[in-house]
Every structure is written in structure tokens, then in C-alpha cells.
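Here is how the chains run, residue by residue.
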Amino acid sequence: MAADRTQSFPRLLVVRMKHYGGGALERYRNLSTHSKLFVWGTLCLYLALGSFIIIVGPDRIGQTLYNFAQKISHYPYGWLILTSLFFIVSFPPAVGHTTLVTLCGYAYGMKGFPIAASGSLLGSAFTFVVLRLLFRRRLRKWTQSSEKWQALETVIAAKGLPLIMLIRASPFPPWVYSNALFASIHSVALWQFFLATFVVFPKIAIFVFVGSRLASLSDGEQRSHMDTTTKILNISISVGGVLVAAVASWIIYRLMKKEILHLQGVPPEIDELAAEAIEEAEEGAPLLGHHSESRARYDASSA
């Protein structure tokens, strides 16, 4: 019996990989040209970033980041500089929220958590208000033509704040596009979005802590005085913190998808469209993207 289970595990793993791989390929084929360009652009960005790290070297990059963080921490209003940067990285299509959170740990240790938390909260709220005000007309036009966003509004309106919190805590969509997503949903009020952002604070605390550990490893002088045990301990804590955040985020994402797909009182077709809208939020739609969809399936499911 144990041997059969041992043999079946690799087979099950292969089957799962084929299932998810085939599903991803099918989803890619169904994407619009704009979406495919977005996918390839993101891939090229990560390849360029990886090449940059390999060419320049992790030690040199870490030292530069540490020196920069220390300069900020010695400024009288260094905390204000970091807070201002959160307003920038919270507005799509900017990126770098997690990096900036980690930088707070580099500069101030765990004392950087209030800076990262307040900056994230205020920056995202500012983005929400600006997008909601500037794109009011476009939002109305979009919601009248997009079956997926109508479905998502229906689902969020039915579940309310608990579902908003789950989506906010989920790693998909990423931080900056999550801001645009909620600004796009008319049924989401500013106070709900504000409260939902608090659920991200534990994740922010983890990355600030990771940044505080990486700071000592990034500085060549501090690293030269560390024994091997201390280095391994710092590396293990840093990697462990990232893994804990990643696993927790994945669990929350699965719970969020399950909650959407099995919402009582809402037709399954609408649930599926709402889930698709969440997955496509990285395109910035409806506030930043441009798509056209028919309303046939939504109207049929609502009938």
C-alpha cells in the first residue's frame, strides 16, 4: 500500500502539472492581442531584471541598496520621502510596492513598519479616490459594456466587506492593480476599501522584517564580522519569511476563488465571470485597459 502511494505521487504530480500547464496555455490563447503583449512585456521585464542581477552581482546590488537606505534613514524627513514614494507605487501602472516595503526595513528595521503601513494605506486610498473621480464617465461606460465587471459588481455587492478583504489580501491581482480594480467597482465604498487594506498589514510586517534581516547581510562591513552560523540564520529567517508570506498569500487566493465560485444566491455563470475579471485585473481594466465584450452571456445568466 505504501509503495503504491509512493509510485502514485510522482504520477499525480505529472498529471497536475499537465493540467495547470494546459490550462495556462489555453488561457493564453484566448487572450486579446493587448493582453498577450502585456504578458510578453512582463516576461521581458523579469528576464532583464534577472540578467541585470547576474551581471552586476547580488553583493554589489545589496550594498548599493543598503547605502541608499542608510542615507534615507539619516535624513530628518527620511520617513516622509518613503511615504511619498508609496503614493507613486500605488498608482498604476507603477510597480515596486513590495520592494519599497522591504526598503523600509532596510532603512529603519522594524521601526519602518509604521512608515510602510501608513504609506500603503494612504497611498492606496489616494489612488482609489483619484481614479474614481477622474474616470467616473469611463467607469459607467465600461460597466455597461463589460459582462465580467457587471458580474464582479454583482458578486461583491452580494458578499460585501468580507469578500473585499479576501480579494485585497490575495496576491492576485497585485497591489497596484488591486487599487485600480476596487476603484472600478462602483459597489465598493471608500470606507470598505480603507478597512480592507488593513488585512494586508501582516504581510507588510513580514517584508519589513525580511528587509531588516537582509540589511545586515547586504552591508559588506557587517557581513565580514559575521560567523557562518549567524549568516545562515539570517538567510534562513529571510527566506522563511518570504515563504510564509507566499504560502499564506496562495491559501488566501484559493479561499477567495472558492468564495467567488460558490457564492449562494448568485448564478454559477456570474460567479465564473467574476473570477475571470479578478484574473484579468493586471491589465488595469476598466480604468487603464481597453476591451470590448458582448453582454449576451451575462444577460442570459441573469434572465
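Quick caveat, the model's predicted, so the values are computed rather than measured. (Residues numbered from 1 in each chain as written. Predicted model: local features only at pLDDT ≥ 70, side-chain atom pairs only at ≥ 80, totals over all residues. Heavy atoms only, no water.)

Some words on the overall build of the protein
Within the protein one finds 16 helices and 0 strands. Looking at the protein as a whole, 40% of its 303 residues qualify as buried. Put simply, 77% of the contacts in the protein that link residues at least 6 apart link residues at least 24 apart. Total accessible area on the protein stands at roughly 17,200 Å², and carbon and sulfur atoms take up 67% of it. (Helix = DSSP H or I, 4+ residues; strand = E, 2+ residues; numbered from the N terminus. Buried < 20%, exposed > 50% of the residue type's maximum accessible area, 1.4 Å probe, protein only. Contact = heavy atoms within 4.5 Å. Areas by Shrake-Rupley, 256 points an atom, 1.4 Å probe, with all protein chains shown as cover.)

Digging into the nonpolar core
Ranked by size, the top nonpolar core spans 24 residues in total, and within it Leu-82, Phe-86, Val-101, Leu-103, Ala-116 and Ile-204 carry the most contacts. Mapped onto this core, the elements with two or more residues apiece are α3 (58-74), α4 (78-89), α5 (97-108), α6 (113-134) and α12 (201-218). Here the element with the most residues in this core is α5; it accounts for 6 residues. Filtering out sequence-adjacent residues up to four positions away, Phe-86 remains in contact with His-97, Leu-100, Val-101, Cys-104, Ile-115, Ala-116, Gly-119, Ser-120 and Gly-123. (Core = buried A, V, L, I, M, F, W, Y, C linked by side-chain atoms within 4.5 Å.)

What about the side chain of Asn-179?
Turning to its location among the elements, Asn-179 is positioned in helix α10 (residues 175-184). Owing to a relative accessible area of 0%, Asn-179 belongs among the buried residues under this scheme.

What about the UniProt feature "transmembrane region" (unreviewed entry) in the protein?
According to UniProt, the feature "transmembrane region" (unreviewed entry) maps to residues 37-56, 77-95, 115-135, 156-177, 189-211 and 232-253 in the numbering used here. In residues 115-135, the share of helix is 95% and the share of strand is 0%. The end C-alpha atoms are 29 Å apart. Here residues 156-177 is 73% helix and 0% strand, with 17 Å between the C-alpha atoms at its ends. (UniProt positions renumbered as here; feature names shortened; annotations may be inferred.)

A closer look at a nonpolar patch on the surface
A contiguous nonpolar patch, built from Leu-122, Trp-191, Phe-194, Leu-195 and Phe-198 and spanning about 460 Å² of accessible area, is present on the exposed surface. No other element matches the 3 residues that helix α11 (residues 190-197) contributes to the nonpolar patch. Checked against the element boundaries, Leu-122 lands in helix α6. (Patch = residues over 30% accessible without salt bridge, like charges linked within 9 Å, V, L, I, M, F, W, Y side chains within 5 Å. Salt bridge = Lys/Arg side-chain N within 4 Å of Asp/Glu carboxyl O.)

A few points about the packing of α5 against α12
Contact geometry for α5 and α12: axes closest at 6 Å, N-to-C directions at 55°. Comparing the axis directions of α5 and α12 gives the class oblique. With respect to the hand of their crossing, α5 and α12 are arranged in right-handed fashion. Counting all contacts with α5, which are made through Thr-98, Val-101, Thr-102, Gly-105 and Tyr-106, the residues of α12 involved are Ile-204, Phe-207, Val-208, Gly-211, Ser-212, Leu-214, Ala-215 and Ser-218. Considering only residue class, the contact of α5 with α12 consists of 7 nonpolar, 6 polar and no charged. (Axes fitted to C-alpha atoms, helices over the stretch in contact; angles between N-to-C directions. Parallel < 35°, antiparallel > 145°, perpendicular 65-115°, else oblique. Left-handed = near helix turned anticlockwise from the far one by under 90°. Nonpolar A, V, L, I, M, F, W, Y, C, P; charged D, E, K, R; others polar.)

Focus: the packing of aromatic side chains
Applying the stated criterion across every chain yields a total of 6 aromatic pairs. On the basis of an interplanar angle of 85° and a centroid distance of 6.2 Å, the ring pair of Phe-113 and Phe-201 is categorised as edge-to-face. Of the two residues, Phe-113 is situated in helix α6 and Phe-201 in helix α12; the sequence distance between them amounts to 88 residues. Among the residues examined, Phe-113 registers a relative accessible area of 24% and is labelled partly exposed. Owing to a relative accessible area of 16%, Phe-201 belongs among the buried residues under this scheme. Here the aromatic cluster, defined as three or more aromatic residues joined through ring pairs, consists of Phe-113, Phe-194, Phe-198 and Phe-201. In this structure, Arg-168 packs its charged tip against the face of Trp-175, placed 4.1 Å from the ring centre. (Phe/Tyr/Trp six-rings, centres within 6.5 Å; stacked < 30°, edge-to-face > 60°. Lys NZ or Arg CZ within 6 Å of the ring centre and 35° of its normal.)

Considerations on the side chain of Thr-83
Tracing the backbone through its elements, the reader meets Thr-83 in helix α4. Look at Thr-83 and you get buried, because its relative accessible area is 10%. In contact with Thr-83, not counting residues within four places along its chain, are Ile-115 and Gly-119.

Some thoughts on the environment of Arg-168
Its location among the elements puts Arg-168 in helix α9 (residues 161-169). Linking Arg-168 and Ala-196, residues 28 residues apart in sequence, is a C-alpha distance of 6.3 Å. Here Thr-197 takes part through its side chain, which lies 3.4 Å from a polar atom of the side chain of Arg-168. (Polar contact = N/O pair within 3.5 Å; in protein donor to acceptor, adjacent residues only side chain to side chain.)

Looking at the packing of α4 against α6
Remark: α4 packs on α6, axes separated minimally by 7 Å, with the N-to-C direction vectors making an angle of 35°. As α4 packs across α6, the resulting crossing turns out to be right-handed. Across the interface between the two elements, Trp-79, Leu-82, Thr-83, Phe-86 and Phe-87 of α4 pack against Ile-115, Ala-116, Gly-119, Ser-120, Leu-122, Gly-123, Phe-126 and Thr-127 of α6. Looking at the contact of α4 with α6 residue by residue, the class counts come to 8 nonpolar, 5 polar and no charged.

Description of α5
Taking 1.5 Å as the rise per residue, α5 with 12 residues should run 16 Å; its terminal C-alpha atoms sit 17 Å apart, in good agreement. By the criterion of burial, α5 is predominantly enclosed, with 9 of the 12 residues buried. Every buried residue of α5 is accounted for by His-97, Leu-100, Val-101, Thr-102, Leu-103, Cys-104, Gly-105, Tyr-106 and Ala-107. The inward-facing, buried residues of α5 abut α3, α4, α6, α10 and α12. (Expected span 1.5 Å × (residues − 1).)

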